[in-house]
Amino acid sequence: VYTREAPAINEAAGDRYQIAGALVNVGVLHHEAGRIDSALANFRRALGIAEAVGDRSTVSLSLHNVALMYRELGRQDSVMHYYGRALQGERAAGM
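Residues numbered from 1 in each chain as written. Predicted model: local features only at pLDDT ≥ 70, side-chain atom pairs only at ≥ 80, totals over all residues. Heavy atoms only, no water.

Sorry, what's going on with the pattern of salt bridges here?
Oppositely charged side chains may form a pair once their charged atoms are brought near each other. If you walk through the whole model with that rule in mind, you get 1 salt bridge. Measuring nitrogen to oxygen at the nearest pair gives 2.2 Å for the salt bridge that ties E51 to R85. Residue E51 is located in helix α3 (residues 36-53), and its partner R85 is located in helix α5 (residues 76-92); the two are separated by 34 residues in the primary sequence. Judged by relative accessible area, which is 27%, R85 ranks as partly exposed. (Salt bridge = Lys/Arg side-chain N within 4 Å of Asp/Glu carboxyl O. Helix = DSSP H or I, 4+ residues; strand = E, 2+ residues; numbered from the N terminus. Buried < 20%, exposed > 50% of the residue type's maximum accessible area, 1.4 Å probe, protein only.)

In this structure, what is going on with the packing of aromatic side chains? I would like to understand it.
Aromatic rings considered in pairs are described by the distance between their centres and by the relative angle of their planes. Following the criterion strictly, the structure yields 1 aromatic pair and no others. Between Y70 and Y82 the ring centres are 5.6 Å apart and the planes differ by 25 degrees, which places this aromatic pair in the stacked class. Of this pair, Y70 sits in helix α4 (residues 56-72) while Y82 sits in helix α5; the two residues are 12 residues apart in sequence, bridging distant segments of the chain. When its relative accessible area of 4% is taken as the criterion, Y70 is described as buried. (Phe/Tyr/Trp six-rings, centres within 6.5 Å; stacked < 30°, edge-to-face > 60°.)

Help me out: how do you make sense of helix α2 (residues 16-32) in this one?
Along an α-helix, a turn takes 3.6 residues, which lines up residues three or four apart on a common side. In a regular helix each residue adds 1.5 Å, so 17 residues correspond to 24 Å; α2 covers 24 Å between its end C-alpha atoms and thus fits that length. Among the residues making up α2, those that are buried are I19, A20, A22, L23, V24, V26, G27 and H30. G34 sits one or two residues past α2 and shows a positive phi near 85 degrees. (Expected span 1.5 Å × (residues − 1).)

Would you explain the side chain of S62 in this entry?
Turning to its location among the elements, S62 is positioned in helix α4. Accessibility expressed as a relative area gives 0% for S62, which makes it buried. Among the polar contacts made by the side chain of S62, one reaches the main-chain carbonyl oxygen of T58 at a distance of 2.8 Å. Residues in contact with S62, not counting those within four places in the same chain, are V24, F43, A46 and L47. (Polar contact = N/O pair within 3.5 Å; in protein donor to acceptor, adjacent residues only side chain to side chain. Contact = heavy atoms within 4.5 Å.)

Below you can see the structure in the form of structure tokens.
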């Protein structure tokens, strides 16, 4: 229950880093339940917030998760786009 409520709790506290991480966790729960569209929405929202606050680790994780969801949806063009972005970011960060 906490994991599902975490984004709202963190939003109320104004902690955008934690919001992004909580959204990733909620996305994982949706994915495990087979709700790919909901998982994708959470991962994309986490990505936007992580980019806005400069959280490279969560950006990378979110890009990979978005790519995985597009793969499950059969959208290969989007898979390549998001994996490409992840690779660029990781190279720029020296990963």
